[in-house]
Amino acid sequence: MRASERPVIRQLDDAAANRIAAGEVVERPASAVKELVENALDAGAGRIEIAYADGGKTLIRVSDDGCGMTAEDLPLALSRHATSKIDGSDLLNIHTFGFRGEALPSLGAVGRLTITSRVAEGEAVQIAVAGGAIGPVKPAALNRGTVVELRDLFYATPARLKFMRTDRAEAQAIADVIKRLAMAEPYVSFTLTDMSGEKQREILRVDGEQGELFDALSARLARVIGRQFVDNSVQIEAERDGVRLTGFAALPTYSRGAAVEQFLFVNGRPVRDKQLTGALRAAYMDFLSRERHPAACLFLSCDPEQVDCNVHPAKAEVRFREAGSVRGLIVTGLRHALANAGHRASSTVADATLGAMRPEAAPAPGQPPRIYQMDRPSMGAVRHAYQAQAPAFNEPAPSFDYAPSARAEPPPPPQAPELEARPLGAARAQVHENYIIAQTEHGMVIVDQHAAHERLVYEKLKAQMAQNGVPAQALLIPEIVELSPGDAALLLEHAEALMKLGLSIEPFGGSAVAVRETPAVLGEINAEAMLRDVLDELSDLGDSQLVQARIEAVLSRMACHGSIRSGRQMRADEMNALLRQMEATPHSGQCNHGRPTYVELRLSDIERLFGRT
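Computed from a predicted structure; not experimentally measured. What you see as residue numbers is a count from 1 along each chain, following the sequence as written. Residues qualify for local features only when their pLDDT is at least 70, as the model is predicted, and side-chain atom pairs are given and counted only at 80 or more; totals for whole chains, interfaces and linings, by contrast, use all residues. The side-chain figures draw on all heavy atoms in the structure; neither hydrogens nor water molecules are used.

K.L.:
Quick question: what am I supposed to make of the side chain of His 587 here?
P.N.:
Here His 587 lies in the loop between α19 (572-584) and β24 (598-602). Other than its neighbours up to four places away in sequence, His 587 contacts Phe 287, Arg 335, Leu 338, Ala 339, Gly 342, Arg 455 and Glu 459. Comment: elements are numbered from the N terminus, with helices defined as DSSP H or I runs of at least four residues and strands as E runs of at least two. Contacts are assigned to residue pairs with any non-hydrogen atoms lying within 4.5 Å of each other.

Okay, here's the thing in structure tokens:
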């Protein structure tokens, strides 16, 4: 290369540097909203109002009642890497959302930014910046806190506008950001308003909650995610090696078709970390099929020095010092909480059942409505009605041309009231040789006998294997698998954990690995294919549940073949014994594939179906 063609290194001016930084920090309008709201939270705001127009492309306004800024602070706030949140001596001991000092100068470089602020017992001041050009500080009118207004986002970099999605998609992304921050801060009030067009529309409004943390969090989640999530979830509280896990996790029968209700927070910061979501998925591995996804809102709290939140431009990912311990905490904490839920199944199952029972169609126009008698008959009226309906002895018995598919049990024994007080009640009938009808104090329960017994057998097999260990079968000739040096080292790091599952490996010179034993329950397997699948999980998630998943899949098939089959008639004592086992067995509310094993209908719901309420 000739000297005239040699590239020359140049120092970029501040405007260009800020626009480059904006490309990392401000990916879309929702990114700008996130940075501004996090600044408001770091300022100690108790109420934050967010307004946007046209998906945030033409207007974003964030108002708060935080501590505010002085006239001297405003120009500094628009300088790169100027912040009040850290002193630069320790980048690991971070207690705030922001710490880099890049957001405001980046936004000012690509849009028209105006900041109005007032500190307590001070005067309100304002500063404006457009395309990187900073104006002077001026007096302004404001009661308290700070108002940041961003107009014409990316007007200074028009090429970025071409990559924006529709206004509706950008508005949805803004709402998602605010919902996550509202979950992270249940004691702070949030208001989100769409200012597009002539009429403004309130998208979200949540007032600051009161009370203890779990009570406040439960109320906030009910407002943001929905009451159904809270009603069908279990409380999580666990701790290990200085890391605390709290939050709520939904029952397996409340699963979703996509990972849309998975919210993870680290030291109050919303994150989208694949290792944490992988741990969440692993915790539900034994309860959900591959196409279903768990719902959860989990908070990890630890010393800031145990986690590095400066590994992603948008701080969406984190890196733990002891990642394996954190993963284990999530898996064991969730599984323990779900086990304590026992036979409980989500109420959405009953809701879906009631929804499938269509009410009678409304009368045609001009036709009088049907009149229902809502009053309950007296006991005397019921007795006379039974006598009137009883067949005479000299009447011939009715004949049936088919075998009935339902069988009622004889009159209940004296202990029936005690059984009805149990969660799953007392068995009353069996229909279609597969479904048990049980009566409870407050309604009825319909049980899928095959699915329920399959889960009971499966849990028994797992308990036996946990007690006795996974039996291994020695290979007559060890299978040698050639790997890259990095893959071999990664696999051998987890050799001890794999041995507990019956998979014994050891180094075999160079980068080869010898497979000595495999889990006996899996029979004859392709050891090389299994090792490579395990490696894929280790590389992607830092841990592998593949061998355990395959063993449990075999146990699941064994449980399916060893359980009560559909079509088998059961006696009353057998049905009641099954119900009692379900009550005593963890996870019996769903089968091995995540489907419910029973449906509970409350008496009030049944009466509503028949127009009695």
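K.L.:
What am I meant to see in the packing of helix α14 (residues 449-468) against helix α18 (residues 546-561) here?
P.N.:
In a packed pair of helices, the relevant descriptors are the angle between the two axes and the axis-to-axis distance. Across the interface, α14 lies against α18 with an axial gap of 8 Å and an inter-helix angle of 135°. It follows that α14 is oblique to α18 by the angle criterion. Considering how the two elements wind past one another, α14 and α18 form a crossing that is right-handed. Along the contact surface, α14 presents His 450, Glu 454, Val 457, Tyr 458, Leu 461, Lys 462 and Met 465, while α18 presents Ile 551, Glu 552, Leu 555, Ser 556, Met 558, Ala 559 and Cys 560. Under the scheme applied here, ten amino acids are nonpolar (Ala, Val, Leu, Ile, Met, Phe, Trp, Tyr, Cys and Pro), four are charged (Asp, Glu, Lys and Arg), and all others, including Gly, are polar. Tallied by class, the residues present in the contact of α14 with α18 amount to nine nonpolar, two polar and three charged. Axis angles are defined between N-to-C directions and span 0 to 180 degrees, where every axis is a line fitted to C-alpha atoms and, for a helix, only to the segment in contact. Between 65 and 115 degrees an angle is taken as roughly perpendicular, under 35 as roughly parallel, over 145 as roughly antiparallel, and anywhere else as oblique. Whether a crossing is left-handed or right-handed is set by the direction in which the near helix is turned from the far one by less than a right angle, anticlockwise for left-handed and clockwise for right-handed.

K.L.:
Teacher, can you tell me more about the pattern of salt bridges here?
P.N.:
It is possible for side chains of opposite charge to pair when their charged atoms get near one another. For salt bridges, the criterion is a side-chain nitrogen of Lys or Arg within 4 Å of an Asp or Glu carboxyl oxygen. In total, this model carries 26 salt bridges according to the counting rule given. For Arg 568, the salt bridge is made with Glu 574, and the minimal N-O distance between the two is 2.7 Å. Shared partners join several salt bridges into a network, and the residues in it are Asp 286, Arg 455, Glu 459 and Lys 462.

K.L.:
Before we go on, may I ask you to explain the packing of aromatic side chains in this structure?
P.N.:
Aromatic rings in a pair are described by how distant their centres are and how their planes are angled relative to each other. When the centres of two rings from Phe, Tyr and Trp lie within 6.5 Å, Trp using its six-membered ring, the rings pair. Their planes under 30 degrees apart give stacked, over 60 give edge-to-face, and anything left gives tilted. This structure, assessed with the given rule, holds three aromatic pairs. Summarising the aromatic geometry, the rings of Phe 265 and Phe 299 are spaced 4.5 Å apart at their centres and angled 10° between planes, so their arrangement reads as stacked. Placement of the pair is Phe 265 in strand β12 (residues 262-266) and Phe 299 in strand β14 (residues 296-301), with a sequence separation of 34 residues. You'll find Phe 265 and Phe 299 in the same group, each marked buried. We count a charge as sitting over a ring when the NZ of a lysine or the CZ of an arginine lies within 6 Å of the ring centre and within 35 degrees of the ring normal. Here the guanidinium or amino end of Arg 256 rests over the ring plane of Tyr 254, the centre of that ring lying 5.7 Å away. Residue exposure (1.4 Å probe, protein chains only): buried if accessible area is under 20% of the type maximum, exposed if over 50%, otherwise partly exposed.

K.L.:
Would you explain the pairing of strand β4 (residues 125-130) in this entry?
P.N.:
Remember that side chains alternate between the two faces of the sheet whenever the strand is regular. Burial along β4 is one-sided: Val 125, Ile 127 and Val 129 are buried, while Gln 126, Ala 128 and Ala 130, pointing the other way, are not. Note on pairing: two strands pair once DSSP finds at least 2 bridges between them. Relative to β4, strand β3 (residues 112-118) runs antiparallel, the two being bridged by six bridges. Pairing of Ile 115 across the sheet is with Ile 127, part of β4. Remark: six residues form the turn of the hairpin made by β3 and β4, two consecutive strands paired antiparallel; Glu 121 in that turn has positive phi of roughly 60°.

K.L.:
Any chance you could explain the nonpolar core here in plain terms?
P.N.:
The nonpolar side chains of a soluble globular protein tend to be buried, and buried together. Residues Val 37, Ile 48, Phe 190 and Phe 229 are the most contacted members of the largest nonpolar core, which totals 62 residues. Formed by 33 residues, the second largest nonpolar core is a distinct cluster that contains Val 243, Phe 287, Ala 296 and Val 331. Put simply, a nonpolar core is a bunch of buried Ala, Val, Leu, Ile, Met, Phe, Trp, Tyr and Cys residues held in one set by side-chain atoms that sit within 4.5 Å of each other.

K.L.:
What is the right way to read the sheet that holds β14 from this model?
P.N.:
Sheet strands associate in pairs through backbone hydrogen bonding, adopting either a parallel or an antiparallel arrangement. Spatially, β10-β11-β14-β12-β13 is the arrangement adopted by the five strands of the open sheet, whose pairing is mixed. The sheet is open, and its two borders are formed by β10 (233-240) and β13 (269-271), each paired with just one other strand. Strand-to-strand twist across the sheet, computed as the mean angle between neighbouring axes with direction ignored, equals 20°. As judged from the six bridges shared by strand β11 (residues 243-250) and β14, these two strands associate in the antiparallel manner. In the strand pairing of β14, Phe 248 is matched with Cys 297. Of the strands in this sheet, β12, β13 and β14 are in contact with helix α9 (residues 274-283), which crosses β12 at around 125°.

K.L.:
When you look at the environment of Ser 563 in this model, what are you seeing that I'm missing?
P.N.:
You can see Ser 563 is positioned in the loop between α18 and α19. Along the chain, Ser 563 and Ala 452 lie 111 residues apart, while their C-alpha atoms are 8.7 Å from each other.

K.L.:
Could you clarify how one ought to interpret unusual backbone geometry in this entry?
P.N.:
Glycine aside, residues mostly have negative phi, and peptide bonds are mostly found in the trans state. Unusually for a residue other than glycine, Asp 54 sits at a positive phi of about 55°. Within the secondary structure, Asp 54 sits in the loop between β1 (47-53) and β2 (59-64). The class for Asp 54 is partly exposed, based on a relative accessible area of 29%. In this model, Glu 121 sits at a positive phi of 60°, which is unusual for a non-glycine residue.

K.L.:
Any chance you could explain the side chain of Glu 261 here in plain terms?
P.N.:
Within the element layout of this structure, Glu 261 appears in the loop between β11 and β12. Excluding residues that lie within four positions of it along the chain, Glu 261 makes contacts with Ile 225, Phe 229, Tyr 254, Arg 256, Pro 294, Ala 295 and Ala 296.

K.L.:
What is the right way to look at the layout of surface pockets in this model?
P.N.:
It is the rolling of a water-molecule-sized probe over the atoms that shows where space remains empty. Empty space within the largest pocket amounts to approximately 920 Å³. Detection works on a 1 Å grid of protein atoms alone, calling trapped sets that fit a 1.4 Å probe cavities and calling open sets with protein on both sides within 12 Å along at least five of seven lines pockets, with lining residues defined by an atom within 4 Å of a point. Looking at the largest pocket, it is lined by 33 residues, and the ones nearest its centre are Arg 335, Leu 501, Gln 545, Gln 548 and Glu 552. Only α10 (323-340), α14, α16 (495-500), α17 (527-541) and α18 provide two or more residues apiece to the lining of the largest pocket. Counting residues per element, the lining of the largest pocket draws most heavily on α10, which supplies seven residues. Grid points are joined across faces, edges and corners, and a volume is the space filled by probe spheres set on the points.

K.L.:
Explain the sheet that holds strand β22 (residues 504-507) here, please?
P.N.:
With respect to topology, three strands assemble into an open sheet ordered β21-β23-β22, the strand pairing being antiparallel. Here the strands that pair on one side only, and so sit at the sheet edges, are β21 (472-482) and β22. Across the sheet, the mean angle from the axis of one strand to that of its neighbour is 20°, orientation sign disregarded. Bridge count for β22 against strand β23 (residues 512-519) is four bridges, and the pairing is antiparallel.

K.L.:
Looking at this structure, how should I read α10?
P.N.:
Along an α-helix, a turn takes 3.6 residues, which lines up residues three or four apart on a common side. Here α10 is 18 residues long and its end C-alpha atoms lie 26 Å apart, about the 26 Å a rise of 1.5 Å per residue gives. Gly 342 sits one or two positions beyond α10 and adopts a positive phi of about 60°. Under the convention used throughout, the expected extent of a helix is 1.5 Å for every residue step, that is, one less than its residue count.

K.L.:
What is the right way to look at α9 in this model?
P.N.:
Listed as buried for α9 are Leu 276, Gly 278, Ala 279, Leu 280, Ala 282 and Ala 283. With a side-chain oxygen lying 3.0 Å from the backbone nitrogen of Gln 275, the N-terminal cap of α9 falls on Asp 273. Under the rule applied, a polar contact is a pair of N or O atoms within 3.5 Å (in protein, one hydrogen donor and one hydrogen acceptor; residues adjacent in sequence only if both atoms are side-chain atoms).

K.L.:
Teacher, can you tell me more about the environment of Glu 528 here?
P.N.:
On the secondary structure map, Glu 528 appears in helix α17. Glu 528 sits in the partly exposed class, given a relative accessible area of 32%. Apart from the residues within four sequence positions on either side, Glu 528 is in contact with Glu 479 and Val 481.

K.L.:
Explanation requested: the packing of helix α2 (residues 29-42) against helix α6 (residues 167-184) in the structure shown.
P.N.:
Two numbers describe how α2 lies on α6: the axes approach to 8 Å, and their chain directions differ by 25°. Considered as vectors, α2 and α6 are oriented roughly parallel to each other. In terms of crossing hand, the pair formed by α2 and α6 is right-handed. From α2, Pro 29, Ala 30, Val 33, Lys 34, Val 37, Glu 38 and Leu 41 reach across to α6, where they touch Glu 170, Ala 173, Ile 174, Val 177, Ile 178 and Leu 181.

K.L.:
Honestly, the confidence of the model for the protein in this entry has me stumped. Any pointers?
P.N.:
Reading predicted coordinates in detail is not appropriate for stretches of low pLDDT. Averaged over every residue, the pLDDT of the protein is 81; the share at 70 or more is 80%. pLDDT measures the predictor's confidence residue by residue and takes values from 0 up to 100. Contacts from residues 370-376, a stretch scored under 50 in pLDDT, to residues over four places away or in other chains number seven contacts. Low pLDDT (under 50) marks residues 388-402, which in the prediction has zero contacts with non-local residues, meaning those over four places away or in another chain.

K.L.:
Would you mind going over the pairing of β11 with me for this structure?
P.N.:
The element β11 is extensively covered by neighbouring structure, given that seven of its eight residues are classed as buried. Here β10 hands over to β11 after two residues, with Asp 241 in that stretch at a positive phi of 50°.

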